[in-house]
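Tertiary structure, described
Each chain, written out:
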Amino acid sequence: MMTNKIKLSPMAFGLWRLHEANLSDEQLKDLIVACLEQGINTFDHADIYGGGQAQIQFGRVLAKNPELREQMIIVSKCGIVRNPEDNSGLTPSYYNTSYDYIIKQTDLILEQLQIEVLDVLLIHRVDHLMDYKEVARAFRDLKAVGKVKHFGVSNFLVPQLDAIIKEFPDIEINQIQVSVDHLEHFKNGVIERCAYHDLTVMAYSPLGGGLIFSNQYDNNLLKTKLEEVKDNLSLEGIDQVMLAWILKHPLKIVPVLGTMKQHRLMSGFKALDIELTHRTWYELYTHSQLERMP
Ligand SMILES: NC(=O)c1ccc[n+]([C@@H]2O[C@H](COP(=O)([O-])OP(=O)(O)OC[C@H]3O[C@@H](n4cnc5c(N)ncnc54)[C@H](OP(=O)(O)O)[C@@H]3O)[C@@H](O)[C@H]2O)c1
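An account of the accompanying structure is given in this report.

Basis of the calculations
- Residues numbered from 1 in each chain as written.
- Predicted model: local features only at pLDDT ≥ 70, side-chain atom pairs only at ≥ 80, totals over all residues.
- Heavy atoms only, no water.
- Helix = DSSP H or I, 4+ residues; strand = E, 2+ residues; numbered from the N terminus.
- Rg over C-alpha atoms; globule rule 2.2 N^0.38 Å.
- Buried < 20%, exposed > 50% of the residue type's maximum accessible area, 1.4 Å probe, protein only.
- Contact = heavy atoms within 4.5 Å.
- Areas by Shrake-Rupley, 256 points an atom, 1.4 Å probe, with all protein chains shown as cover.
- Lys, Arg positive; Asp, Glu negative; His and termini not counted.
- Charge placed at Lys NZ, Arg CZ, Asp CG, Glu CD.
- Axes fitted to C-alpha atoms, helices over the stretch in contact; angles between N-to-C directions.
- Left-handed = near helix turned anticlockwise from the far one by under 90°.
- 1 Å grid on protein atoms, 1.4 Å probe; cavity = no way out; pocket = protein on both sides within 12 Å on 5 of 7 lines; lining within 4 Å.
- Points joined across faces, edges and corners; volume = space filled by probe spheres on them.
- Nonpolar A, V, L, I, M, F, W, Y, C, P; charged D, E, K, R; others polar.
- Near = heavy atom within 4 Å.
- Polar contact = N/O pair within 3.5 Å; in protein donor to acceptor, adjacent residues only side chain to side chain.
- Sits in = over half its atoms within 2 Å of the grid points.
- Expected span 1.5 Å × (residues − 1).
- Salt bridge = Lys/Arg side-chain N within 4 Å of Asp/Glu carboxyl O.
- Core = buried A, V, L, I, M, F, W, Y, C linked by side-chain atoms within 4.5 Å.

**Digging into the overall build of the chain**
Tallying secondary structure elements over the chain gives 13 helices and 10 strands in all. At 19 Å, the chain has a C-alpha radius of gyration in line with the 19 Å of a compact globule built from 294 residues. Expressed as lengths along the three principal axes of its C-alpha atoms, the size of the chain is roughly 55 × 45 × 40 Å. Sorting the 294 residues of the chain into buried and exposed places 53% on the buried side. Counting only contacts in the chain whose residues sit at least 6 apart along the sequence, the fraction spanning at least 24 positions is 78%. Surface accessibility of the chain: about 13,600 Å² in total, with carbon and sulfur atoms responsible for 51%. Each charge sign in the chain was given a centre, from 30 positive and 38 negative side chains, and these centres are 2 Å apart.

Shown next, in the form of structure tokens:
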């Protein structure tokens, strides 16, 4: 087992939606400080977020406030080649995890964030043309020159996890979509494989990307159950129930919150003090998969 494994804060703040939120640098700084004050020191980026603008703005704030950098763990990702017509990254052009591309993108990440060393680099998604030996070589070289301290992957399923860990045993993280509204990885063996390999699981879209708060959301069974649990526990919102549901897992899964609103971040962090019973956890689990109601 690895001895110098990175210890993330129990939740993280994700910057995917930063660019579209149109925050001023001062507002972004306030969000960062609010996270740090609550002990949330892990910040999740990717080279494609906002077409690079998320990292550029974050880097500007760090350059103006260098004391913030010392307190944080910065995660970033590469491997998705941006579609110039879509800054969201939802419709990538293609994937590239070649040695040269990983090295080039890491340099870009460091430059945009205006930092010397990246704490964690993840391969963003599965690339069917991935040469696992070459990814491992890039990771080893980035570590040797001191540009990246820790490494992981994102959206990797069991076979890909095994393949990369065979070539690079020091993989520490798999960032995957996990929420009470997205049970895929409880059913396909990924979470168990992460346990087997002693990986930290980061859960992205822990509130299902916010769809549950909109009129288009169609699983009334789950939403009603979440409201019921919220009321029974006298909580402020169903976001807290959804986050407590993830935090209940014994792997200490790290939810990556995506809101750009400070009061919602603070509300979410309170889930760290909520302990759901096994019974409630399973009631929510089953309500998530029952037939959807109109
Ligand atoms: N590795 C990957 O492939 C991958 C993929 C997706 C995301 N990620 C990471 O995960 C992070 C989080 O993902 P996410 O943004 O989808 O997470 P999320 O927390 O599930 O969803 C955030 C969205 O929900 C809305 N929201 C949150 N609380 C709300 C409330 N109480 N009422 C109404 N709307 C609410 C937010 O809007 P407001 O801002 O208006 O509050 C925002 O649009 C990203 O920033 C990124 O770092 C990684």
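Once you've had a look at it, read on.
**Points about the packing of helix H5 (residues 99–113) against helix H6 (residues 132–144)**
Put simply, H5 and H6 touch, their axes get as near as 8 Å, and they point 35° apart. The interaxial crossing formed by H5 with H6 has right-handed handedness. Taking contact as the criterion, the partners of Tyr99, Ile102, Ile103 and Thr106 in H5 are, on H6, Glu134, Val135, Arg137, Ala138, Phe139, Asp141 and Leu142.

**Observations regarding the layout of surface pockets**
Its boundaries defined by the atoms lining it, the largest pocket holds a volume of some 980 Å³. For the lining of the largest pocket, the secondary structure elements donating two or more residues are strand E8 (171–177), helix H11 (238–247), strand E10 (254–257) and helix H12 (262–269). Tallied by class, the residues present in the lining of the largest pocket amount to 14 nonpolar, 15 polar and 8 charged. Looking at the second largest pocket, its volume works out to about 520 Å³. Looking at the second largest pocket, it is lined by 24 residues, and the ones nearest its centre are Lys7, Leu251, Lys252, Ile253 and Val254.

**Topic: the site of the ligand**
Among the 26 residues in the neighbourhood of the ligand, the closest are listed as Arg17, Asp44, Thr259, Lys261 and Arg264. Between the ligand and Arg17 there is a distance of 2.5 Å, counted from an oxygen atom to a side-chain nitrogen or oxygen. Contact between the ligand and Ser154: a nitrogen atom at 2.8 Å from a side-chain N or O atom of the residue. Bound to the protein, the ligand loses 86% of the 910 Å² it would expose on its own. In this structure, the ligand is accommodated by the largest pocket.

**So, helix H2 (residues 25–37)**
With 13 residues, H2 extends 18 Å from end C-alpha to end C-alpha; this agrees with the ideal 18 Å at 1.5 Å per step. Within H2 the residues assigned to the buried category are Asp25, Leu28, Leu31, Ile32, Ala34, Cys35 and Leu36. The secondary structure elements touched by the buried residues of H2 are strand E1 (12–14), helix H1 (18–21), strand E2 (42–44), helix H3 (53–64), helix H4 (66–70) and H12. Looking one or two residues beyond H2, the residue adopting positive phi is Gly39, at roughly 80°.

**Thoughts on the pattern of salt bridges**
A full pass over the atoms with the stated rule returns 18 salt bridges. With a shortest N-O distance of 3.1 Å, Lys64 and Asp25 are connected by a salt bridge. With Lys64 in helix H3 and Asp25 in helix H2, the pair connects residues that are 39 residues apart, well separated along the chain. Here Lys64 falls in the exposed class, since its relative accessible area comes to 56%. Between Glu283 and Arg279 there is a salt bridge; the shortest N-O distance is 3.3 Å.

**Let's talk about the nonpolar core**
Core analysis: the largest hydrophobic core is formed by 86 residues, its most contacted members being Phe58, Leu121 and Trp245. In this structure, Phe58 is in contact with Leu15, Leu28, Ile32, Phe43, His45, Met72, Ile74 and Leu113, ignoring residues within four places of it in sequence. Membership of the second largest hydrophobic core comes to 11 residues, among which are Ile73, Val120, Ile173 and Val256.

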